[in-house]
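# Breakdown of the fold
Chain residues, written in single-letter form:
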Amino acid sequence: MCIRDRYNAEYMGILILGRKLMRKFLQRGFCAVLNEATIGENVKSAKYAVKGEIVQKGEAIREAMSKGKVFPFKKLHPCNIGDPIIHGQKTFTFNRQVMAATLYPDLVNKKTFSQDALDRAAFYLKNTNYGAVGAYTESSGLLFVRESVKKFIEKRDGLPASVNEIFLTNGASDAVSTLLNMLCSEPNDGIMMPVPVYPMYSALASLNRGKYIPYYLNEEEGWSLDIKEVEKNYRIAKDQGLNPKALVIINPGNPTGEVLNAENLREILMFCYENNMQVIADEVYQEVTYDKPFVSAKTVLKMLGEPYVSRLELASLSSSAKSLMSECGLRGGYVELVNWDPFALGQFAKLRTVGLCSNVLGQLAVELMVNTPNRDNVSPETLSLYESERDGIFGNLKRKAELVKNKFNSTYKITCNPMHGALYCFPRVHMTRSAIKAAQAKGSEPDSFYCVEMLNHTGLMVVPGNGFRQREGTYHFRMSNLVYHYDEMAKVMDSINDFNKVFFEKYHSQTITFL
Amino acid sequence: MCIRDRYNAEYMGILILGRKLMRKFLQRGFCAVLNEATIGENVKSAKYAVKGEIVQKGEAIREAMSKGKVFPFKKLHPCNIGDPIIHGQKTFTFNRQVMAATLYPDLVNKKTFSQDALDRAAFYLKNTNYGAVGAYTESSGLLFVRESVKKFIEKRDGLPASVNEIFLTNGASDAVSTLLNMLCSEPNDGIMMPVPVYPMYSALASLNRGKYIPYYLNEEEGWSLDIKEVEKNYRIAKDQGLNPKALVIINPGNPTGEVLNAENLREILMFCYENNMQVIADEVYQEVTYDKPFVSAKTVLKMLGEPYVSRLELASLSSSAKSLMSECGLRGGYVELVNWDPFALGQFAKLRTVGLCSNVLGPVSYTHLRAHETEADLVCRLLLEKKKRQYASEQFECYRNQCKTT
């Protein structure tokens, strides 16, 4: 008698249930190979809040709306995710013409598109290995794309780059997955990550059985990075027997919107070098800075000189999803590995071969991101259209960042640091004792409770701060500034204020503030 | 003094070498965070031979040829990898027109393409969440694509499928990575895999610290699957203290070219059920069978009936790279998870959210799986493949006979 049948017999003997109930229970996983008991803790504890509870509730509302149900708001605003296209932002005409013509080369012979787009597509086709896209590419990505990335980096940083240290990936997440796979090899390996952090890092660390070693960003000082905080938490981790292997910086910051200056970066890079840690520099939002300049980690390496510039191991990430071209769904990204040990570099390259290659259209998106139209490579008409599209997008984002700052400064029960870059702000909600109690009564985190209530009243989808981690006793949410039209964004901000008045009228009591 | 400087000082004291040599040695990773010593065994032992030594040597030859060096052959034949496009095979006109128009919707208004292609592109755009491709999709993939896949599966197998059990992935490899991540949780967890096996499976098992439990296919009997061989190796694994969690079947076979019959599949599925293993059915080549019909694992589940049809956990994989459309670079694939425990299904779905979503063009390309331009195109391509294969096997037979006579 096989194991499964034996369980059946024992079960029948124990429970006086009908055959139907028994089958239902068994189908629910009494003997399933993969069930709650057999799935590893590393999988169960991995959480990615950006796609959590709010998304499901938002979907339910969308469905109800499509069936005619009436809500106190006209439409949903999916500000939980950093995707401008879903709010109505358009893609660049040049980019899409190039990609369409590359996919269907006959378009190159027709006069449907601008000559510049057709020339670029023809260049791409000529430089693929077999004159067509559709084949597998080299596992590290098409060579001509990596050459464009190399040129872009060299121009940006004034330091040499190598095509053998550049890897094209399905978005930046794909590269981080391979990085953390390599870094977390022993049970006590840890990755230092900011608090708050973009939860992909904590989820991937957990999946790879690595420990999250937090360093707290300073909310009172505009989410700035304090090196003493990093040192303190490093020592705590070492005392606990952990082995910090790498430190993640997200610059510009997600979810904070802060942009690090050269001094911050200098301290961090020196600290990592002195304590034998790699640096993972998530620089995906480098194109999106409003009032502070973006300084790349590699630029600071150059400023530091020896021994850092040739010995500090750095991984720098970028993504077509988060540049102004906003091609989220195409999953284009790259990672540059600087100063890696040759054996380790070879292992990384090997791991990239197992999935064969990243998707080819994403690779082309990366080329379009780093090799943008300029006076030398396109006609004035094409350049003018491209620039007007790009400036329109950026100007819109910048104005809305300013709007968000001004509005939150006068929103009831909310304080918020300014958005200096990226697409998000991380406002703090000053929860009242009774609101916290109401949340606990529902088995909910207070900020999750707040965000669900806000969704139900305003249609605004955000991500509760507990998904990003935050200081104990503080409550936040991450909201994008991506509602497309400025006026509509302003209305959304006003609706938050109106909602807060209602919410805190209901849950009024002494505000809890923690330092 | 920091750790790194201490190493420096000790090193200087030990070796009488110039500063230049010392820096070179240090740069080679004496203190690197990631070096040969600190990288885990799971990474070092993972191997993917498809992109191994031959590829590098081939690249060197290609480069030498481009510089004018003469070889005893006129061109390279990259038959190491399953990619028809690099040999000159064309993509389907209809597919590419639809994809181009989806990417650049203004084409829908022009008369550059066939009306059918434009209609299909318009349908896709209408059914994306925001009327455009380029946004992130649902993490399990665009709903209308999953609905197409569901209909395809139901038509193929005569069993119900659910959009909540279908996940669109960046090629089949992406799905296998998540599967093995979930299956290999304890140090003694193992995955039964054929010998010979497509090395992505062994590489991903190694990466996830899972043990490769081999079952040998029978070369003398046309690479057939012998259930006794599976049983024997299962027992050996159990005796070694391993915990076989799943069994991989690759059907049609890679690298063998064999196609399993219903009886083979029946034995395997029953064996897995009786021994509490999941089945991972790699069915990416299901469109490419020459003289034996493809039988899906789910079809056999249906034949088996209860308790298998509602209790055996099955993951079935497919890919647009390996269908006749051969869109390798687009990385379109799906996995269907059959009879999974709801909690486990939820965890799989959760893991798929961490990378946000698979690339949007891959799955869009996938809906063409059953939308070939004409039946004639499909038949022609199948015949061409069959002819080539027949020629190759005749040549090989000839060569084998020559070997026997020498």
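Structural data are supplied above this passage.
The following paragraphs examine the structure supplied in this document. (Residues numbered from 1 in each chain as written. Chains lettered and ligands numbered in written order. Predicted model: local features only at pLDDT ≥ 70, side-chain atom pairs only at ≥ 80, totals over all residues. Heavy atoms only, no water.)

Next up on the list: helix 20 (residues 486–506) of chain A. Taking 1.5 Å as the rise per residue, helix 20 of chain A with 21 residues should run 30 Å; its terminal C-alpha atoms sit 31 Å apart, in good agreement. Every buried residue of helix 20 of chain A is listed here: Met489, Ala490, Val492, Met493, Ile496, Asn497, Phe499, Asn500, Phe503 and Phe504 of chain A. (Helix = DSSP H or I, 4+ residues; strand = E, 2+ residues; numbered from the N terminus. Expected span 1.5 Å × (residues − 1). Buried < 20%, exposed > 50% of the residue type's maximum accessible area, 1.4 Å probe, protein only.)

This part takes up the nonpolar core. In this structure, Tyr201, Ile249, Phe408, Tyr450, Phe477 and Met479 of chain A together with Tyr201 of chain B are the most contacted members of the largest nonpolar core, which totals 253 residues. Core analysis: the next-biggest nonpolar cluster, separate from the first, contains 31 residues, Ile249, Ile268, Leu269 and Leu301 of chain B among them. (Core = buried A, V, L, I, M, F, W, Y, C linked by side-chain atoms within 4.5 Å.)

Residue and element names in this part refer to chain A. Tallied over the full model, the rule gives 39 aromatic pairs over all chains. Summarising the aromatic geometry, the rings of Phe408 and Phe477 are spaced 6.3 Å apart at their centres and angled 65 degrees between planes, so their arrangement reads as edge-to-face. With a gap of 69 residues between them, Phe408 in helix 17 (residues 380–409) and Phe477 in strand 14 (residues 477–480) connect regions that are remote in the sequence. Pair check on accessibility: Phe408 and Phe477 agree, each one buried. Every member of this aromatic cluster is reached through a ring pair, and the members are Phe408, Tyr412, Phe449, Tyr450, Phe477, Phe499, Phe503, Phe504 and Tyr507. Between the NZ or CZ atom of Arg478 and the centre of the ring of Tyr424, over which it lies, the distance is 3.9 Å. (Phe/Tyr/Trp six-rings, centres within 6.5 Å; stacked < 30°, edge-to-face > 60°. Lys NZ or Arg CZ within 6 Å of the ring centre and 35° of its normal.)

On inspection of all chains with the given rule, the structure shows 9 cavities of 30 Å³ or more. Of the pockets and cavities examined, the largest cavity occupies roughly 870 Å³. The wall of the largest cavity is formed by 33 residues, among which Asp174, Ser177 and Thr178 of chain A together with Asp174 and Ser177 of chain B lie closest to the centre. Sorting the residues of the lining of the largest cavity by element identifies helix 9 (171–183), helix 10 (199–207) and helix 15 (342–354) of chain A together with helix 9 (171–183), helix 10 (199–207) and helix 15 (342–354) of chain B as the ones contributing at least two each. By residue class, the composition of the lining of the largest cavity is 11 nonpolar, 16 polar and 6 charged. Its boundaries defined by the atoms lining it, the second largest cavity holds a volume of some 210 Å³. (1 Å grid on protein atoms, 1.4 Å probe; cavity = no way out; pocket = protein on both sides within 12 Å on 5 of 7 lines; lining within 4 Å. Points joined across faces, edges and corners; volume = space filled by probe spheres on them. Nonpolar A, V, L, I, M, F, W, Y, C, P; charged D, E, K, R; others polar.)

Further remarks concern the interface of chain A and chain B. Counting residues at the interface gives 98 residues for chain A and 97 residues for chain B. When the two sides are added together, the surface that chain A and chain B hide from each other amounts to roughly 8,500 Å², 60% of it contributed by carbon and sulfur. It is Arg4, Leu34 and Tyr136 of chain A that lose the most area in chain A upon contact with chain B, and together they represent 9% of the buried surface on that side. Scanning the region where chain A abuts chain B turns up 0 salt bridges. Our enumeration of links across chain A and chain B arrives at 36 residue pairs in polar contact (both at pLDDT 80 or more). When residues of the side of chain A that touches chain B are assigned to their parent elements, the largest contribution, 8 residues, is made by helix 15 of chain A. (Contact = heavy atoms within 4.5 Å. Buried area = accessible area lost by both parts, 1.4 Å probe. Salt bridge = Lys/Arg side-chain N within 4 Å of Asp/Glu carboxyl O. Polar contact = N/O pair within 3.5 Å; in protein donor to acceptor, adjacent residues only side chain to side chain.)

Take it as geometry only, folks, not as evidence of what the structure does.
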